[in-house]
Structures are given as structure tokens and as C-alpha cells.
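Close look at the chain arrangement
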Amino acid sequence: MEQTAEDYKLIFEKEGVYLHTNAKRSNQDTTIPGFIRIVERAGVPALEWSPLEDEGRGAPAVLYSKKDGEEETNFDPGYEPDWAVVNTVKRDREHVPVRDSGHWSFSLPLSELYSLRRARFSLGRNFLVLTSRGGHPLPPLHFHRGGTRELLRALQRYIILDQSPVDGRLFIAYPHDSGALSQSFDKLQLFDDGSDLVSRFIQDPYATTFGGFSKVTNFFREALRPPGSTSYSRTAQDPSLHPQSDDEPGFELITCGVELGPKPDVTRGQPLDKWDEFLDPEGRVKNPERIKELVFRGGISPSLRKDVWKFLLGFYPWNSTAKEREDILRVKTDEYFRMKVQWKSVSEEQEMRNSLLRGYRSLIERDVSRTDRHNTFFSGNDNPGLALLHDVLMTYCMYNFDLGYVQGMSDLLSPVLFVTQNEVESFWCLTGFMELVHQNFEESQEAMKQQLLQLSILLRALDPELCDFLDSQDSGSLCFCFRWLLIWFKREFSFEDILILWEVLWTRLPCDNFHLLIACSILESQRGELIGSDHDFNTILKHINELTMKLDVQSVLRGAEAIYLQLVQCKELPLKVQQVLGLYVPSSSEDESPDSEASETQRLLSQSQAGAASSNSARTPTCP
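So, here's what we can say about the structure. Computed from a prediction, not measured in an experiment: that's the story for all the values here.

In this structure, F441, L517, I518, L567 and L581 are the most contacted members of the largest nonpolar core, which totals 121 residues. Looking at this core element by element, the count peaks at ten residues for helix α20 (residues 553-569). In this structure, I518 is in contact with F489, L501, L505, V556, L557 and A560, ignoring residues within four places of it in sequence. The next biggest cluster of nonpolar side chains, apart from the first, holds 28 residues, and it includes I32, I38, L113 and F171.

What follows is the structure in C-alpha cells.
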């Protein structure tokens, strides 16, 4: 169909822009002179380049966008990669051609433009490399006669270009209607208009809770099924019965007939403030379990965190001597910088042909620009803390390339880097932390699904009335807790409180799933605000998000430990709840009798009562 003048509008044009084809071992010239243009076609703005030889033929062929009738596999116009739930860096992408029958040209809709990099190659300094949202770079453009500044100014009529704080040559593209994304994350206003919050959450609950927009996940499409698709029995039945066919797989039918008994009073202790007295003459930690008990009970004094965290996160073995730790540090330092050199030595030309590494770098640069920017350690565009955050995350990609970088990992690293104040130590502490939570970031999301199911099991045993209310408001899936579990409440507490919470959780006391009890404690503290209110799905989500920075970590910890003790004391605790708490692990030989199980529960109960009675010295129960 012939294009009319009304369909086509030229906004910007610059001659003398050479496309660098990267052709090698060829007599062909590797640079092609042409025009760069911003045009509107039927009202849709696009960035186009065409060679001089095409001048007079009309507009260049659209060779970058999908063809009519073709399934859209490379681009999703609605996809915003900020804060995606899973890794959005895809492997084995097909390289989209920008030439046809020997003629080079491209037309890229501005909605698909992800970034612009002012690159430095051998032919000059005025190169511009464009990357699409699908992760595909276009051939570099060389501005022989200048004009990059004019192009950037013209582009800002349609998009916002935000300079990366760790790379002054990189500009990230945002649509004007999401201009808040160019601000620090902490300044984002999520609930300025709640009218479409439900639809936004259904599209992507993780992005909504973080204030951005990203891909839909299959799991949450299932989790937000229509009411009635998942049923729970509320009549007294045998807990050993298998779920009916319409029940969520993995759920035990937990009835409201379970009598938990009163919740015990719990007191917190003082932070661990002595370290040297726990070391023998050679520097070994004499009683690691005692250290963990004290940390669980009261946290760690800020002056000791740098030392103790390295043990809690596995950088140093508890039984290592001071001399052995010196050797470990030397070896680990060498190993770290070998990995860092790997990505540092990748040239821009090489990275253009490595979509996976390029995708990791892009996600890291975006996340670093908004991670804990209110903290002086990371504030300001030229702050060295930002560069360290970037470099450690890039090096982690080389350490664990299969997992790579997934959005949210920067939240796990920033407190660790803040405490250690050391690039190498923060890296190895991060690897220890990721050993605990790496499954949260896997693309299948099976671990996250399992944790939400386990949280539902616990909450139904603790508070069936609250569960019934959430079910009635289409919130029984507890999807609003996704962010809590993914990055261990990092966005819910103040920076100082999260340091306390994490060091408590790293002790793995009183059980591995204590973070689920933290979530239960928060939800129980809010039951009065929820039950009996007129909250629907929309306002429940809004209320939960508005708890951010309003929670007191000591109160939440007391509540979580009290819940644990209350459950342990229950004589008829459903088997599924026991499994979540680690109180019962099925034996392959099935040689555990009911009496032996009851005896073990009684032993744990005795330890738990002793732990509640002492605020500072009694041993907190550990789960088998």
C-alpha cells in the first residue's frame, strides 16, 4: 500500500551518519554513509537509518519490526523490563537482520528502544549503539559530522533518556508515561491512582509492588484464578486425607478444629557485643552454636557485624584459625579478581555479540541506579559505592553464569556491601547469601510457589478466620507476600532494621523456614485492619504495600518466635505444618513410631519453653 503524506511525518534528519557493518576479511567497505531520521508513521514514532543510495526511493523498509502475520517473538510493546519477577535475559536469541538483499537499513519504533550508548571505536569517538528491548544491538552509527546531541534532544520529545550513574556514556530509554522510572526507586509513587491497580497487579504482581511494570508470569496467572477454583475444607476431617481433585496440589486439608493454645510471651535479648572472648588462642570460634543463639536472640552490635557476618554467610568456616583465614582471604581475593578481569576485558565489539552478558549488564546498570540511594554509601551519581555495587554484581554473573543476574539481587548485596565496606568480602558474603535464596530467582519460580503454599499452610493453621477473609476477597493466594519472600523483606523495613532481621535469619534458628513465620507475624499484626473492613483485593494490596518502613523489627521478631513456640506446643499439629517447620521429616524406612515422634516433639517443646524463659542465655530450639 502506498504511504500517504498524512501517514508519514519527518521530525528529525541528519546526513553523514555512517553505519559500521563489522564486515571482516572482505574487500567491501565496512562503513556505509546514510541518513538518521526520526519519523512518525501513522502517528507511531520510529528511529530510522537508510543509506544514501536509497535516497529517492522513499522511506526505508521496516526490517527490524515484526512482519504482518508473524508471531511476535522478539518484542512485546507492553514489556517493561524493570523489576521483572524472573530473569528476562534470554539465551540463544536470534539476531534480527538489518539488511535485505545487500541493502542496509533499519526502522526501530521508539517504544522498542531500550538504550543508547555513546561508544568509542577505532574510527572515532562519535559512535552511537542502539539496543532494542529484545536485547538486540543495531550496528554502530558513526556521526562523521557530529549531531549526536541534536538527535538526543529530538528523541526526548518522545522518550526520557536517563544517564546511567555508573556509565556516563549509557542512556536508558523510558516512555514519557512512565517518567517516574527515571527517578530514584525510593521516590516512586505507586498509588497515585488506584483505579487500575487490580489490572496492573494481575498483569504482574511483582512489578506492581515494586512500582514498575514487567512481564507476566505463568505462576501468578494461576495464583490469581477466579474464586472457587481452589477450595479448602473447613469441616473437621482427618488431616491425613489427600486433597480433593480441585484442591491446590501440595495442600493438606487443615481444619479450623486445631487447638493451638495460648501464644507464649517472648522477650528479646541484647545484641552480641563481645567477640574475642569466643575465640581460642589460635583464633577458632569455640562455641558457634552459642554465637548463633545470641545473634538470634538479640542481633549483633554494629561494630562486630563485619566480623560475624563473614562466619554466618560462610566466607570463613567456624573452626578456622586466624592464620587459615588469612590464607582463605588471599585465595578468595585472587579468585575474585580473576573473575572480575573476565568481564572487564570484554570489548564493546565482543559484548555486542554476547546478548546474555549484555543483558545482564543492562539489568545491573538499571538496578544499581536506584538501589538504596537514600543511604549515603550509595547516594550521588559519582559515589564509589555505586561502582562497587555494579562490579560485584557483574562478577557474580561470571561466578554463576547460569543464574546470572536477576532483578532484586542488588537489594541483597547493598546491605552486605555497606557492612563489609570491602569489594572482595562483600562478593563472597553475597555468594553465601545466594546459597540460601538462589532458588527464589530461578526462572521456573517453583521455589517461590512452594513458599507461598507453605505460608498458606501456616496461616490457615494459625488464623483460619483471616484466611477465610482473604479467600473471600480473592487474596487467598497471598501473592502480595511475594516480594517479602523473594528478597527477605528488604523493602519492608528500614535499612538498619533489615541488618538485624537478616542476621537473625542467617542463624537458621529456630528452623529453616523462620522467614515464613516472619510473614505470619506481619499478617497477624494486620488482621484487625483487614477482617471486618471493606477491603477488597485492590485495597488489601494497597494496605500491605503501605506497611513499608512502618514495621518494627523487634515486634515482628517477637511475634514470629511466639508463633513458632505456639505451634510446637500443639499436640495435634497437622503433619503438613510439622513439615514446613522441619519438625517432621518422613523417613525412607518409615521406622519412626508415633511414640518416638511425640517424644521428639516433647523434647523440642522443652527446649522451646526454656528458650522463651531466658532472654539472653537459654538455647533457642533448632529443628531436626
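Next, the rest of the story.
If a strand is regular, its side chains alternate between the two faces of the sheet. Taking every second residue as pointing to the same face, both faces of strand β6 (residues 106-109) are buried, with F106 and L108 on one and S107 and P109 on the other. The sheet contact formed by strand β3 (residues 44-51) and β6 spans four bridges and is antiparallel. The partner of E48 across the bridge, within β6, is S107.

Moving on: the packing of aromatic side chains. This structure, assessed with the given rule, holds 23 aromatic pairs. Measuring from centroid to centroid gives 5.1 Å for Y336 and F337, while their planes differ by 80°, and the two rings are edge-to-face. With relative accessibility at 36%, the residue F337 sits in the partly exposed group. Between F418 and F495, the ring centres sit 5.1 Å apart and the planes meet at 90°, which makes this aromatic pair edge-to-face. Separated by 77 residues along the polypeptide, F418 in helix α11 (residues 409-420) and F495 in helix α16 (residues 495-506) bring together distant segments of the chain. Since its relative accessible area comes to 28%, F418 is described here as partly exposed. Take F495: its relative accessible area is 13%, and that puts it in the buried class. Here a set of aromatic residues connected by ring pairs shows up, and it is made of Y336, F337, Y396, Y399, F427 and W428.

Let's shift gears to helix α10 (residues 384-399). For α10, built from 16 residues, the straight-helix expectation of 22 Å at 1.5 Å per residue is met to within 8% by its first-to-last C-alpha distance of 22 Å. Three or more residues of α10 are buried, namely G385, L386, L389, H390, D391, V392, L393, M394, T395, Y396 and C397. Contact partners of the buried residues in α10: α7 (322-344), α9 (355-368), α11 and α12 (423-437). The opening residue of α10, the one whose side-chain oxygen lies 2.9 Å from the backbone nitrogen of G385, is N383.

Turning our attention to the state of the cysteines. In a disulfide, the sulfur atoms of two cysteines are covalently bonded to one another. Tallying each qualifying case throughout the model produces zero disulfides. The thiol of C481 is not disulfide-bonded; the next cysteine sulfur, from C520, is found 8.5 Å away.

Quick look at the pattern of salt bridges now. Once their charged atoms are close, side chains differing in charge can pair, the charge on each being opposite to the other. With the rule as written, the count across this model stands at 30 salt bridges. With a shortest N-O distance of 3.0 Å, E503 and R305 are connected by a salt bridge. Of this pair, E503 sits in helix α16 while R305 sits in helix α6 (residues 302-312), placing them 198 residues apart in sequence. Looking at R305, the relative accessible area reads 4%, which means it is buried. With a closest N to O distance of 2.6 Å, E546 and K542 form a salt bridge. Taking the relative accessible area as the measure of exposure, E546 reaches 33% and is therefore partly exposed. On the basis of relative accessible area, K542 is assigned to the partly exposed category, the value being 29%. Taken together, the shared-partner salt bridges connect D372, D411, K490 and R491 into one network.

Rules behind the numbers
- Residues numbered from 1 in each chain as written.
- Predicted model: local features only at pLDDT ≥ 70, side-chain atom pairs only at ≥ 80, totals over all residues.
- Heavy atoms only, no water.
- Core = buried A, V, L, I, M, F, W, Y, C linked by side-chain atoms within 4.5 Å.
- Buried < 20%, exposed > 50% of the residue type's maximum accessible area, 1.4 Å probe, protein only.
- Helix = DSSP H or I, 4+ residues; strand = E, 2+ residues; numbered from the N terminus.
- Contact = heavy atoms within 4.5 Å.
- Pairing = 2+ DSSP bridges.
- Phe/Tyr/Trp six-rings, centres within 6.5 Å; stacked < 30°, edge-to-face > 60°.
- Expected span 1.5 Å × (residues − 1).
- Polar contact = N/O pair within 3.5 Å; in protein donor to acceptor, adjacent residues only side chain to side chain.
- Disulfide = S-S within 2.5 Å.
- Salt bridge = Lys/Arg side-chain N within 4 Å of Asp/Glu carboxyl O.

All we've got here are geometric facts, nothing functional implied.
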